[in-house]
Amino acid sequence: MKNIKLKQAIYGFIGVLVIIFLWSLISFFINDISFVPSPTETVRRFPRLLLEPSFYLDIWMTLERTLLGLFIGLSLGVFIGVIVGTYRRIYQGAQFSIDFFRSIPSSALFPIFIIFFGLGDLTKILITAWASSLVVLFNTVYGIRSLSQEKINLIKTYKLPFWRALRSITLPNALPYIAIGLRQGLSFGLIVEIVAEMFLGSNSGLGHRIYDSSSILQMDEAFASIVTIGLIGYFLNKLIIVAQKKIIHWKTI
Amino acid sequence: MNYLGQDLKSKMGIAIKNLSKNFLYQGQSFSIFTNLNLQLKRGSFTSIFGPNGCGKTTLLNAIANLVDFEGEIIINSHQAKESRVGYICQKHADSLMPWLTNIKNIELGMDEEEVTETKKQRVFNFFNRFDLDTSLLTKYPWQCSGGEQQIIVLVRELIRRPDILLLDEPFSSLDFGKRLLMQKLIIKLWQETHITVLFVSHDIEEAIYLADSLLLFSRPPTKTLQKVEISLARPRSIEILGTEAFKKIKMFVLEDFVANANEKY
């Protein structure tokens with residue numbers, strides 16, 4: 001068991017080295033720091049960034065808006081998902097709409113959100129919420145409807161009231177699916193949040209930093225910010241997995 | 001009054017009157033029951049034996065009010081809809097919630113208003129009374145063997161004090177040894193709780209061995225071909241399978257079964 005984990009770690013490390021090597025190769029041939037900085041140049045940028053208070057503020061703003069949006073998206077997605085998944089008629093009626101809205105890239109809806117909510121934080125939070133809620137919704141519906149016939153029969157023969165069945169049977173049964181939706185929602189939400197920060201005239205956030213630094217050809221700073229976003233996404237995902245293992249203890253991931 | 005607080009003086013039971021049920025299959029409607037009538041005595045143990053597709057499971061689903069049907073099912077002078085039906089299906093392991101401990105699974109069937117402590121006490125009392133292993137209760141279903149899961153499912157149904165217990169091939173997933181143990185347990189539980197049991201089995205020996213009477217079903221539209229009273233003395237043990245009386249009942253049922261089956265390869 002320990003051996004397998006060690007092997008995985010070694011292979012994972014080799015994988016990272018390969019990518020860094022390829023990146024070095026590309027930057028070596030291009031040989032222009034204001035176009036593609038090398039990994040070393042990018043890493044060398046970090047100490048200076050870490051001394052800037054505005055860098056932490058950017059991380060914080062991106063995190064805050066992403067997590068707020070994700071929280072709203074999760075709540076809405078689960079709430080609507082339970083309703084749609086429970087009632088067959090509503091499911092049939094909503095199926096097309098859900099698939100339709102899922103097919104629209106959230107960034108295409110920026111203008112609509114701007115008209116309603118302006119150019120401030122609210123729009124960024126809500127558009128992140130929108131992007132993540134759809135995947136959570138879809139997975140919740142799937143989770144609710146995956147209830148086995150045996151469990152449905154149990155609810156019927158015991159004549160369990162809706163809330164008791166939801167609390168003890170239907171919702172726990174959907175939890176593994178909701179967790180998948182949450183993780184997908186996180187990555188969608190982060191994408192949309194960064195895009196919004198870059199192009200909605202934001203004055204804070206890592207997306208804003210990438211946009212600003214690249215427009216004055218400070219590509220090492222842009223790359224350092226991109227790496228930071230990658231790390232944030234990676235650790236948030238890991239965090240959800242750890243929580244998932246704790247809460248959904250009956251299922252191995 | 002028995003251990004579960006049920007009134008046994010009234011000699012009611014199950015009455016199925018003019019049960020009709022149609023199925024749509026590939027655009028054609030075909031009848032699985034046409035005016036089926038059945039009577040089961042209260043506290044009796046009845047086995048149903050019949051060919052595949054004769055509607056055994058459909059009958060149980062109708063009694064449990066899981067499917068629509070025409071006709072009337074009366075349980076202890078109430079409509080089936082209003083009575084408590086215990087149902088253990090073939091894939092009973094799927095009816096256990098893996099996110100709940102076994103005791104929480106059992107408590108699913110108990111009234112929510114009941115205080116948690118008294119619920120717990122009742123479960124423990126039940127386990128102790130039937131010499132069941134109480135260490136099972138704090139485990140999760142997936143930490144238990146198939147036989148142990150069966151025990152949890154059985155206790156969950158019986159502790160609800162059902163008016164009738166429906167068993168749809170409950171032992172089909174167990175190995176032979178576990179099967180014998182569970183048969184013994186179910187008889188013990190039945191004798192002490194006096195619950196009316198309707199038992200569906202594909203195994204003719206099991207169907208006879210456990211029951212007071214056996215219903216032989218025909219191919220659809222299903223009729224009762226035979227109702228055989230099984231007057232073998234209790235307690236029964238496995239040796240009974242070798243006795244002349246047992247073989248006689250078995251052959252009697254099988255002859256009719258084969259005559260009706262008309263199977264072709």
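Residues numbered from 1 in each chain as written. Chains lettered and ligands numbered in written order. Predicted model: local features only at pLDDT ≥ 70, side-chain atom pairs only at ≥ 80, totals over all residues. Heavy atoms only, no water.

Visitor: Explain the sheet that holds strand 6 (residues 85-88) of chain B to me, please; I cannot follow it from the model alone.
Guide: Hydrogen bonding along the main chain pairs the strands of a sheet, whether they run parallel or antiparallel. Residues and elements named next belong to chain B. Read across the sheet, six strands follow the order 6-7-8-3-9-10 without closing on themselves; strand pairing throughout is mixed. A strand with exactly one partner marks an edge of an open sheet, and here the two such strands are strand 6 and strand 10 (224-229). Going from strand to strand, the sheet's axes swing by 15 degrees on average, the running direction of each strand aside. Here strand 7 (residues 164-168) pairs with strand 8 (residues 196-200) via five bridges, running parallel. (Pairing = 2+ DSSP bridges. Helix = DSSP H or I, 4+ residues; strand = E, 2+ residues; numbered from the N terminus. Axes fitted to C-alpha atoms, helices over the stretch in contact; angles between N-to-C directions.)

Visitor: Would you mind going over helix 7 (residues 149-157) of chain A with me for this structure?
Guide: Helical geometry: 3.6 residues make up each α-helical turn, so side chains three or four residues apart lie on a common side. Those residues of helix 7 of chain A not exposed but buried are A:Glu150, A:Lys151, A:Asn153, A:Leu154, A:Ile155 and A:Thr157. Contacts from the buried residues of helix 7 of chain A go to helix 8 (162-199) of chain A together with strand 6 and helix 4 (146-158) of chain B. Just downstream of helix 7 of chain A lies A:Lys159, where phi reads positive at about 50 degrees. (Buried < 20%, exposed > 50% of the residue type's maximum accessible area, 1.4 Å probe, protein only. Contact = heavy atoms within 4.5 Å.)

Visitor: Which parts of the structure should I look at to understand the interface of chain B and chain A?
Guide: The parts lose accessible area when they come together, and the size of an interface is often stated as this lost area. Opposite the 27 residues of chain B that make contact, chain A presents 18 residues. For the pair chain B and chain A, the two sides together bury roughly 1900 Å², of which 60% comes from carbon and sulfur. Contact with chain A buries surface across chain B, with B:Leu66, B:Trp99 and B:Leu108 losing the most and accounting together for 36% of the total. Our count for the contact surface shared by chain B and chain A stands at zero salt bridges. Our count for the contact surface shared by chain B and chain A stands at nine residue pairs in polar contact (both at pLDDT 80 or more). Of all the elements in the fold, those that place two or more residues in the side of chain B that touches chain A are strand 6 and helix 4 of chain B. Looking at side-chain class alone, the side of chain B that touches chain A contains 14 nonpolar, three polar and 10 charged residues. (Buried area = accessible area lost by both parts, 1.4 Å probe. Salt bridge = Lys/Arg side-chain N within 4 Å of Asp/Glu carboxyl O. Polar contact = N/O pair within 3.5 Å; in protein donor to acceptor, adjacent residues only side chain to side chain. Nonpolar A, V, L, I, M, F, W, Y, C, P; charged D, E, K, R; others polar.)

Visitor: I tried to follow the packing of aromatic side chains on my own but got confused; where do I start?
Guide: How two aromatic rings sit relative to each other is given by the distance of their centres and the angle of their planes. All names here are of chain B. Enumeration according to the criterion identifies 20 aromatic pairs over all chains in this entry. Taken together, a centroid distance of 5.8 Å and an interplanar angle of 50 degrees make the contact between Phe45 and Phe199 tilted. Of this pair, Phe45 sits in strand 3 (residues 45-49) while Phe199 is found in strand 8, placing the two residues 154 residues apart along the sequence. In this structure Phe45 comes out as buried when scored by relative accessible area, which is 0%. Judged by its relative accessible area of 0%, Phe199 falls in the buried class. Aromatic pair Tyr140 and Trp142: ring centres 5.5 Å apart, planes at 10 degrees, arrangement stacked. For Trp142, a relative accessible area of 42% puts it in the partly exposed group. (Phe/Tyr/Trp six-rings, centres within 6.5 Å; stacked < 30°, edge-to-face > 60°.)

Visitor: What is the right way to look at the environment of B:Ser172 in this model?
Guide: Residue and element names in this part refer to chain B. Relative to the assigned elements, Ser172 resides in the loop between strand 7 and helix 5 (176-193). Classification of Ser172 by relative accessible area gives partly exposed; the value is 37%. Once the C-alpha coordinates of Ser172 and Glu206 are considered, the two residues, 34 residues apart in sequence, prove to be 11 Å apart. Apart from the residues lying within four places of it in its own chain, the contact partners of Ser172 are Gln90 and Arg179. Polar side-chain contacts of Ser172 include one of 3.1 Å to the backbone oxygen of Glu169.

Visitor: Any chance you could explain the pattern of salt bridges here in plain terms?
Guide: Pairs can form between side chains of opposite charge once their charged atoms are near each other. Residue and element names in this part refer to chain B. Taken as a whole and assessed by the stated rule, the structure comprises 17 salt bridges over all chains. Two residues, Asp111 and Arg84, come together in a salt bridge whose shortest N-O distance is 3.9 Å. With a gap of 27 residues between them, Asp111 in the loop between helix 2 (102-107) and helix 3 (116-129) and Arg84 in the loop between strand 5 (78-79) and strand 6 connect regions that are remote in the sequence. The partly exposed category is assigned to Arg84, whose relative accessible area is 32%. Residue Glu107 pairs with Lys104 through a salt bridge whose shortest N-O separation is 3.4 Å. Of the two residues, Glu107 and Lys104 both sit in helix 2, three residues apart, roughly one turn of that helix. With relative accessibility at 6%, the residue Glu107 sits in the buried group. Judged by relative accessible area, which is 40%, Lys104 ranks as partly exposed.

Visitor: Help me understand the confidence of the model for chain B, please; the structure alone is not making it clear to me.
Guide: The predicted coordinates ought not to be read in detail in places where the model reports low pLDDT. Per-residue pLDDT for chain B averages 87, and the proportion of residues at 70 or more is 94%. Quick note on the complex model: pTM equals 0.86, ipTM equals 0.87. (pLDDT = per-residue confidence, 0-100.)

Visitor: Explain the pairing of strand 9 (residues 213-217) of chain B to me, please; I cannot follow it from the model alone.
Guide: Along any regular strand the residues' side chains alternate between the sheet's two faces. Residues and elements named next belong to chain B. With five of five residues buried, strand 9 lies mostly within the body of the structure. Neither face of strand 9 is open: one carries Ser213, Leu215 and Phe217, the other Leu214 and Leu216, and all of them are buried. As paired strands, strand 3 and strand 9 are joined by four bridges and run parallel to one another. Bridge assignment links Ser47 to a residue of strand 9, and that residue is Leu214. The pairing of strand 9 with strand 10 spans five bridges and is classified as antiparallel. Bridge pairing links Phe217 to Thr224 in strand 10.

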